[in-house]
There are 4 protein chains.
Amino acid sequence: MGAGDQFLISGQEVAKHNSRESCWIIVHGGSKIILKYAGKDATQEYEPIHPPDAITKNLAPEKHLGPVDPNTVQKVEVVISDKDKARQERMSGRPPLDEILNLHDFEAIGKLVMPEKAWAYYSSAADDEITNRENHLAYHRVWFRPRVLRDVSQVDWSTTILGQKSSMPLYITATALGKLGHPDGELNLTRAAAKHGVIQMIPTLSSCSFDELVDAAQPGQVQFLQLYVQRDRKITQQLVQHAEKRGIKGLFITVDAPQLGRREKDMRMKFEDEDPSEMSRSGTSNIDRSQGAARAISSFIDPSLNWGDLDWFKSITRMPLILKGVQCWEDALEAYDRGLAGVVLSNHGGRQLDFAPSGIEVLVEVVKKLRKKRGVKFPNDKFQLFVDGGVRRATDVLKAIALGATAVGVGRPFLYAFSAYGQDGVEKALRILHDEFEMNMRLIGAKTIQDVVPSMVDASNLKSHVVAVPGDRLYNSNYESLQHARLRDLKAKL
Amino acid sequence: MGAGDQFLISGQEVAKHNSRESCWIIVHGGSKIILKYAGKDATQEYEPIHPPDAITKNLAPEKHLGPVDPNTVQKVEVVISDKDKARQERMSGRPPLDEILNLHDFEAIGKLVMPEKAWAYYSSAADDEITNRENHLAYHRVWFRPRVLRDVSQVDWSTTILGQKSSMPLYITATALGKLGHPDGELNLTRAAAKHGVIQMIPTLSSCSFDELVDAAQPGQVQFLQLYVQRDRKITQQLVQHAEKRGIKGLFITVDAPQLGRREKDMRMKFEDEDPSEMSRSGTSNIDRSQGAARAISSFIDPSLNWGDLDWFKSITRMPLILKGVQCWEDALEAYDRGLAGVVLSNHGGRQLDFAPSGIEVLVEVVKKLRKKRGVKFPNDKFQLFVDGGVRRATDVLKAIALGATAVGVGRPFLYAFSAYGQDGVEKALRILHDEFEMNMRLIGAKTIQDVVPSMVDASNLKSHVVAVPGDRLYNSNYESLQHARLRDLKAKL
Amino acid sequence: MGAGDQFLISGQEVAKHNSRESCWIIVHGGSKIILKYAGKDATQEYEPIHPPDAITKNLAPEKHLGPVDPNTVQKVEVVISDKDKARQERMSGRPPLDEILNLHDFEAIGKLVMPEKAWAYYSSAADDEITNRENHLAYHRVWFRPRVLRDVSQVDWSTTILGQKSSMPLYITATALGKLGHPDGELNLTRAAAKHGVIQMIPTLSSCSFDELVDAAQPGQVQFLQLYVQRDRKITQQLVQHAEKRGIKGLFITVDAPQLGRREKDMRMKFEDEDPSEMSRSGTSNIDRSQGAARAISSFIDPSLNWGDLDWFKSITRMPLILKGVQCWEDALEAYDRGLAGVVLSNHGGRQLDFAPSGIEVLVEVVKKLRKKRGVKFPNDKFQLFVDGGVRRATDVLKAIALGATAVGVGRPFLYAFSAYGQDGVEKALRILHDEFEMNMRLIGAKTIQDVVPSMVDASNLKSHVVAVPGDRLYNSNYESLQHARLRDLKAKL
Amino acid sequence: MGAGDQFLISGQEVAKHNSRESCWIIVHGGSKIILKYAGKDATQEYEPIHPPDAITKNLAPEKHLGPVDPNTVQKVEVVISDKDKARQERMSGRPPLDEILNLHDFEAIGKLVMPEKAWAYYSSAADDEITNRENHLAYHRVWFRPRVLRDVSQVDWSTTILGQKSSMPLYITATALGKLGHPDGELNLTRAAAKHGVIQMIPTLSSCSFDELVDAAQPGQVQFLQLYVQRDRKITQQLVQHAEKRGIKGLFITVDAPQLGRREKDMRMKFEDEDPSEMSRSGTSNIDRSQGAARAISSFIDPSLNWGDLDWFKSITRMPLILKGVQCWEDALEAYDRGLAGVVLSNHGGRQLDFAPSGIEVLVEVVKKLRKKRGVKFPNDKFQLFVDGGVRRATDVLKAIALGATAVGVGRPFLYAFSAYGQDGVEKALRILHDEFEMNMRLIGAKTIQDVVPSMVDASNLKSHVVAVPGDRLYNSNYESLQHARLRDLKAKL
């Protein structure tokens, strides 16, 4: 069937083509999942992991069969399972937004009300998830040195990022597959960002299409683009130049993912989800199952990307170029020497290499070494440092700013916010952050972001990676804990 | 209705004025709570968070309507709930005081017998309560270097604080809203302090009025005053000068609270407390609820307070001026250079900025830097260093003394003591501390407080802020713990 | 009734004297307990905490009334409580000794089969028991640097202590009130020590009398004496000179206990033990109850003991004098300069000053400073260093030896051993230690104790007193732990 | 009965010889177990802990009685216990291999499906198993410093070990008694190693005979031999020379086991396993029971082995000689100076000396000191460094390679793999490792093993052996944890 044929295809016709030899689907994915849904309407499964323009952009036009008559389509039977019902009940039991006091709360609620698949994909990380948790905990090794008796009646935590105004020193970083958590996907972020004056970084792997997200922006709203460089550089070039045309203000090239990480929690979920009866095969079966959402979407990334490619990028766009995923000072120095606009010190939210250091820890070495080797001071307008990963509080952000970052990327908390409450959740999250910034700017004694300086933090413990000597189980179990005084009644009952 | 009218208002009359437009209450609070109780007698809700003279001092006289005929008043119906009954039962089950062995015990009992609201307000702290707990744990990083074979048959742990005698090197620091925990509020502290020769610091936000607490003092009993500086400096001036007139021996100006902290445990309690049926609104409701006790009482504090204001304080009073809430050596040095009488190295019990360092940790840097930069030695009569936060044992106090503090402030333990046992509890707490001082002075080999010197402690680990590498959950759950030998019977049963 | 009257007193006569004014008991204790048992036979309660010669030695002869006719005595009714029965059942369920694999096992069994009072007294320690546990854990910060390819077919871990042979580099240190745990008390230790060639240090506060313990020794068996110096120096002089006469080879003067510590676990046990109905008094009662066994036995100790007294000791005895309880290098140096035979670096098993450092940690600073200041090398025959506290394995001992100790004192493990199994338990404990020494001498590559040298250990972490930053409870409870692969059945059931 | 008699012996005849004086068994073990099975067929108990040629090699030929008529033998009655049945049920519930995501999973499944005796023997370690766990945890103190923007489209993690090709930088290290876990024992390893191009180190104490394992090798497959040196050097010489003849490419002489360690978990299992009724003896019985599998097999090892013996080894074989079990730089230097081919920095999987350091920690000091003292750089072809112990991830291996190791030995994970799934399990384990190597080579930015250099890791925390200050139990139990926002329903139910 040639391209351009514009007659209505019947669902029955589609349904016949359900074999490897002739496989029609109404929307499509990888070959395996295609076969599973061959001959049916797979929109519901397809949508969260493909932007709407995925077919038009990536499939040769001659393979498009044309529109289908919706009345004739055999739907994948959507049975609302007990699990789903329970989830919907939990959804109706969400606390009102004013009971949400901090970003942690969105995660606590989100994990109960979003589909398991979304939770597994969003929350999972590489290997033993050591780096994932380290990202957050590293902030707990940095302590404040607050100043008092400064007039903090007016405090201002707005800043500029790559020359663009931001109401706070953070941006919404790129995270994939937003529709897994909420039908509006990343649009929730675009809309909330507009209302609160923060910048959104659009992900290559958004569920919504790039154009949808740009279209949804308010006049003057700033957006960045995160880029996975593809094996087919032409597609990448088109994407980059299209982005520039659409007004994107910064291009964040991901460099920490030549191959997308194994995220075992995500992979494990797949097995848990299956019908147990399907598993009654021999323990030595070698059936290839899904590798989780991450693997399903990563094969197009080009692992050969290298420093030499950067000139090409400069040749195709005038957007500021930032490397996302730098993890040591040597690479930050290289980026500086090559005249890039900055680097994001990031380990991809702990989703790639386990035991990669946290961005905040790398920040300290980068600031130190670039000062020493090139005399650069931070924060620096010409070469900006960003960190992401593990941020949950405005205090986390302020620590990074004090140590030399221009701004901090926040990702998962906003995913959890919209998975639980949609756009309202993201807005509430931003309001909480504004509140925390106001409070904490006052409490550290900083009137503006420029006042948040290195002497305001003690980062001397940041490089300490302590693993305690294993516990003496026999000694410890012999030890009888001290007890408090107790109420008489309790005593009598015991 | 003009000021000065002195006829009896009827309750029925009051009850009519229950709208935003015309709101009469019999005593009053913030505008929101006022509307809740509009037209009724709110004394029971009002009393713990306002001293009895709050109206006469802070409300323009022309807004006072005059006395109300008590017989005609519509009371807020006080129903003794099951929760209250359970609490009263627990109250009757308190162990006798001689079973209270240490300050921890008061907290253990107090938390069971005090109203939930009191527990939430007293125990809560900022953000993730990291600093709150760090305050206590920091003392565990300081170890003794005890001396032996000194004649310790007579040991004396009394000292002088700002020139005033104290039976031990600690004082009762300012804590707000004492009536939440006990109907006599801070009077419990005044009376017990008198009996045991310790100094009480009266809080600006006491439930009892300043004058009540001064009136309750015994002849010669020493009291200090903690001061929140108000936007309206005239009120502050009146308060300060009145305090000096009433014999207050030291003015502790709070500098760590330009805005009162968000204490989420306190805020959360509000929601837990409400009728669940009221929450059946949409998850996205934006209804503004109470922000906890802290926020309810903080709007009057002046966030513009700065170093320049200190001359004014010197001009209005001759009381010794101490800054309460200094958190780095730079600000301690500034206070020293400006000729103040001392500083309290404090983070407000962890209730303001999370990740502020503990007082004991700041103490070490202050002593070191002021010695280096100004040649000052500590303890020092002209410029005294105090710390507060986290103290539970006399050993904690002795560590601070060894490191250069003149005295240590103790707050929450006394709140828990009177919430559980009234004045008797506070007295018992002081007796326990006396016992601990006697014992531990002997055991470290110090006859007097002057013998408690830096070489008696090892504080080399104090600056260590360790956060362990996240656990390897898979490895750890595979590890099978060693078991002890077991009794035969237990084995048979298993 | 005068002294010397030697007629038989009737129990009925005794029973009449049961008041404060005229109080006869058949054996006696402190005044309070005396009143409790006034007029009855208190032997059972009295025996564990007083050696048999306590009356003849400490009570003026004119207060002895004479022998009582046993047939006429009103016994304290001994009711075997359900608790006791349960304990006796547990006793009969003890595993055979060959299931006891290490010293921890004795504690595990002992705590189940000994009277609660014994467990409370033996296991308790000062304040929050931080030092008590630190004593053991400090050894876990010292790691071996083992040597290989040495001929270890014959290994010999015997040594000499104060010139006396010992089959291993440890001695049984002094612990009080042995009859609380076993009717034969410290005799269990004397007899087992004889069989295994180790030295016992006899405690001042033994349940058995000093002479009983010396009489029980085998010919040539070496014993030391631990001494609490009494206010009445004549009694102390008699005791010391009597000990020398009886062949005691070393006098260990306790210097870390001018006052015996508060051990709250022990104190708490008293309340737990009482009839709950007795507690129905007002929460504010001030009734003085028992302060635990420690306080009951400590008032005779002289807190004025000081360095000046040491000459007097030299004048009354030629036994080697060792200070037990030194806790910093300054005092070890003083002891060295005064020509003593050695010091025990000890904190009294964590029972005195909480946050006193472990002996093993003090050892390192003593060795370093005495080498630096006096050129002394360790181990040293003229001035021997001992440590005690927290030892559970031969490896612990070997670490101390490598760091310069001559020998290590072990206390509680032997108490637990005889409380569970009498003399057989102590012997088994010693056999286990012999086995461990043989094994571990081979594995570290040491043929003799002289080969156990500083380079065989890495003690670089010993001074590290880490307290982790308090946990982020919200973050941690959101984190969902990774799961292993699971069996299909388990999955189905969940 | 003389040797060489080749008639069929009847089972009845064997059965008569069941006393100490005349003990015939059909296969044999130590004298104690021999008596237990005297007169019966002990093959089932015997096989896992003896290779099939144990009799022909180690028992004088004149003691062989000859073949037995199988029909006449009294079998040890094999009753399938409830425990066994439960285990077999669990075996049938194993998840299919594609649900096994990492090496931890094999342990999780293996521990449920292997015989308890196997689990006890495989998983147990010395004393408190501190070193055993430290081996794994030490890797968690080493963090990566990953490089980006290198072309990693092709990554190659193959290497050479002692001049032999290996598909990855690890080998299967020697572990004893493979048939405890699976009837094919170490053959599972040989076969899987062949398929995946890795080297197997054959253990002296394999359940399969040396020749069986060599016979099972594919043409060109490389095998090493681990050697326990016997008291009878002739046996050792025969074994070594036979191995060389059979093509073994490296001789790893174990030097950390002059005596096999006490593994209490293994010993404890013996008691747990016995009929409880047999234990009804007095608590003080001294019956000698089994000491666990380790002791049963260790008496032949020569504890006199020393550096002087190495020349003899050079005189009897030309295989590369490597010392297995070196634990400090001094001994590594000695091995280097004596011209050996390398050392394995190992503590025998934590099974020998507790508190021996991890191999990875020793690696760092060896590399540093040998560079300093002899100018050697690592990795080094002439003198190769290996580490083993605690490896579970390819990242662990890459850390050791970066720090200078040539390869890493992995043992227990493969035991768990074949105990759970036989040869398929080992193959899956190797596939997982290949996957992890590919991923992580890319993510650290290394194209080949040569690119894995010291600057790619941060090992600055490796020597940190932290033991936290013991917890403040009273403080901690008073602390009330923060709570998340909760669903309305949950709240109502609570």
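Since this is a predicted model, take the numbers as computed values, not measurements.

Cut-offs used in this document
- Residues numbered from 1 in each chain as written.
- Chains lettered and ligands numbered in written order.
- Predicted model: local features only at pLDDT ≥ 70, side-chain atom pairs only at ≥ 80, totals over all residues.
- Least-squares fit on C-alpha atoms with pLDDT ≥ 70 in both.
- Contact = placed C-beta atoms within 7 Å.
- Axes fitted to C-alpha atoms, helices over the stretch in contact; angles between N-to-C directions.
- Helix = DSSP H or I, 4+ residues; strand = E, 2+ residues; numbered from the N terminus.
- Parallel < 35°, antiparallel > 145°, perpendicular 65-115°, else oblique.
- Left-handed = near helix turned anticlockwise from the far one by under 90°.
- Nonpolar A, V, L, I, M, F, W, Y, C, P; charged D, E, K, R; others polar.
- Pairing = 2+ DSSP bridges.
- Buried ≥ 20, exposed ≤ 12 C-beta atoms within 10 Å, placed from the backbone.
- Right-handed = clockwise from strand over helix to strand, strands pointing away.
- Core = buried A, V, L, I, M, F, W, Y, C linked by C-beta atoms within 7 Å.
- pLDDT = per-residue confidence, 0-100.

J.: Give a detailed account of the relation of the copies chain A and chain C, specifying residues and quantitative values.
T.: Copy one and copy two of the chain differ by a rotation about a common axis and a shift along it. The transform that puts chain A on chain C rotates by 180 degrees and translates by 0.0 Å along the axis, for an RMSD of 0.0 Å. As the rotation angle and translation indicate, the two copies are arranged about a two-fold axis. Of the interface residues in chain A, 100% have counterparts in chain C that sit at the interface too, so the contact is made through matching surfaces.

J.: So, the packing of helix α17 (residues 394-402) of chain D against helix α18 (residues 412-444) of chain D: which residues are in play, and what are the values?
T.: Residues and elements named next belong to chain D. Packing of α17 against α18 leaves a shortest axis separation of 9 Å and a crossing angle of 55 degrees. As summarised for this structure, α17 and α18 are arranged oblique, according to the angle between their axes. Seen from above, α17 lies across α18 with right-handed handedness. On α18, the residues touching Ala394, Thr395 and Leu398 of α17 are Leu433, Glu436, Phe437, Asn440 and Ile444. Class assignment for the residues of the contact of α17 with α18 results in five nonpolar, two polar and one charged.

J.: Describe the sheet that holds strand β10 (residues 384-388) of chain C, and please don't skip the residues or the numbers.
T.: Residues and elements named next belong to chain C. Strand order in the closed barrel formed by eight strands is β4-β5-β6-β7-β8-β9-β10-β11, and the pairing between neighbours is parallel. Within the sheet, the average angular offset between the axes of one strand and its neighbour, ignoring direction, is 30 degrees. Pairing of strand β7 (residues 251-254) with strand β8 (residues 321-326) involves four bridges; the strand directions are parallel. Among the inter-strand pairings, Leu251 is bridged to a residue of β8, identified as Leu321. This element, helix α9 (residues 187-196), spans β4 (170-172) and β5 (199-202) of the sheet and lies at about 160 degrees to β5.

J.: Describe in detail the interface of chain C and chain D, supporting the description with residues and values.
T.: With 51 residues of chain C in contact, the opposing surface of chain D contributes 63 residues. Sorting the residues of the side of chain C that touches chain D by element identifies α8 (130-137), β1 (143-144), α18 (412-444), α19 (473-478) and α20 (488-493) of chain C as the ones contributing at least two each. With seven residues, α18 of chain C is the single largest residue contributor to the side of chain C that touches chain D. Classifying every residue of the side of chain C that touches chain D by side-chain character gives 22 nonpolar, 11 polar and 18 charged.

J.: A description of unusual backbone geometry should follow, citing residues and the corresponding values.
T.: Cis geometry marks the peptide bond from Phe378 of chain A to Pro379 of chain A, where omega comes out at -5 degrees. As for its placement among the helices and strands, Pro379 of chain A is situated in the loop between α16 (359-374) and β10 (384-388).

J.: Give me the lowdown on the pairing of strand β9 (residues 342-345) of chain C, citing residues and values where you can.
T.: Residue and element names in this part refer to chain C. What you see with β9 is no split at all: Gly342 and Val344 on one side and Val343 and Leu345 on the other are buried throughout. Across four bridges, β8 lies against β9 in parallel orientation. Among the inter-strand pairings, Ile322 is bridged to a residue of β9, identified as Gly342. For the crossover from β8 across helix α15 (residues 329-337) to β9, the handedness is right-handed. Two strands pair when backbone bridges link them, and β9 and β10 are joined in this way by four bridges, in the parallel orientation. Within the sheet, the bridge partner assigned to Val344 lies in β10 and is Phe386. In this fold, the crossover linking β9 to β10 by way of helix α16 (residues 359-374) has right-handed handedness.

J.: Which residues make up the interface of chain A and chain C, and what values go with them?
T.: On the chain C side, the residues contacting the 28 residues of chain A number 28 residues. Going through the elements one at a time, α6 (103-113), α8 (130-137), α12 (264-273), α19 (473-478) and α20 (488-493) of chain A are the ones with two or more residues in the side of chain A that touches chain C. Here the side of chain A that touches chain C is built from residues that sort into nine nonpolar, six polar and 13 charged.

J.: Report on the nonpolar core, specifying residues and quantitative values.
T.: Leu363 of chain A, Leu363 of chain B, Leu363 of chain C together with Leu363 of chain D are the most contacted members of the largest nonpolar core, which totals 544 residues. The contact partners of Leu363 of chain A, leaving out residues within four places of it in the chain, are Leu345, Leu385, Val387, Ala400, Leu403, Gly404 and Ala405 of chain A.

J.: Describe helix α6 (residues 103-113) of chain C, with residues and values.
T.: The buried fraction of α6 of chain C is high, at 10 of 11 residues. Inspection of α6 of chain C places Leu103, His104, Asp105, Phe106, Glu107, Ala108, Ile109, Gly110, Lys111 and Val113 of chain C among the buried residues, and these make up the whole buried set. Where the residues of α6 of chain C are buried, they touch α19 of chain A together with α5 (82-92), α7 (116-123) and α18 of chain C.

J.: Can you break down the sheet that holds strand β9 (residues 342-345) of chain D residue by residue, with the values?
T.: Read once around its circumference, the closed barrel built from eight strands follows the order β4-β5-β6-β7-β8-β9-β10-β11 (chain D), with strand pairing classed as parallel. Recorded for the sheet is a direction-independent mean angle of 30 degrees between the axes of neighbouring strands.

J.: Summarise the relation of the copies chain C and chain D; cite the residues concerned and give the values.
T.: With an RMSD of 0.0 Å, chain C superimposes on chain D once it is rotated by 90 degrees and translated 0.0 Å along the axis. Both copies of the chain, as the preceding transformation shows, are related through a four-fold rotation axis.

J.: Lay out the confidence of the model for chain A with the relevant residues and their values.
T.: Residue and element names in this part refer to chain A. Averaged over all residues, the pLDDT of chain A is 86; the fraction at 70 or higher stands at 77%. Across residues 1-6, where pLDDT falls below 50, the model places seven contacts with residues more than four positions away in sequence or in other chains. Across the assembled chains, the prediction reports ipTM 0.86 with pTM 0.89.

J.: Talk me through the environment of Ile161 of chain C; I want residue IDs and the actual numbers.
T.: All names here are of chain C. Looking at the element boundaries, Ile161 is found in strand β2 (residues 159-161). In sequence terms Ile161 and Leu385 are 224 residues apart; their C-alpha atoms lie 10.0 Å from each other. In this structure Ile161 touches Ser166, Tyr171, Ile199, Thr406 and Ala407, once residues within four positions along its chain are discounted.

J.: Give me α8 of chain A: which residues, what numbers.
T.: The periodicity of an α-helix, 3.6 residues per turn, causes residues three or four positions apart to be oriented the same way. Among the eight residues that make up α8 of chain A, seven are buried, leaving the element largely enclosed by the rest of the structure. Those residues of α8 of chain A that sit buried are Ile130, Thr131, Asn132, Arg133, Glu134, Asn135 and His136 of chain A. As for α8 of chain A, its buried residues are in contact with α19 of chain C.

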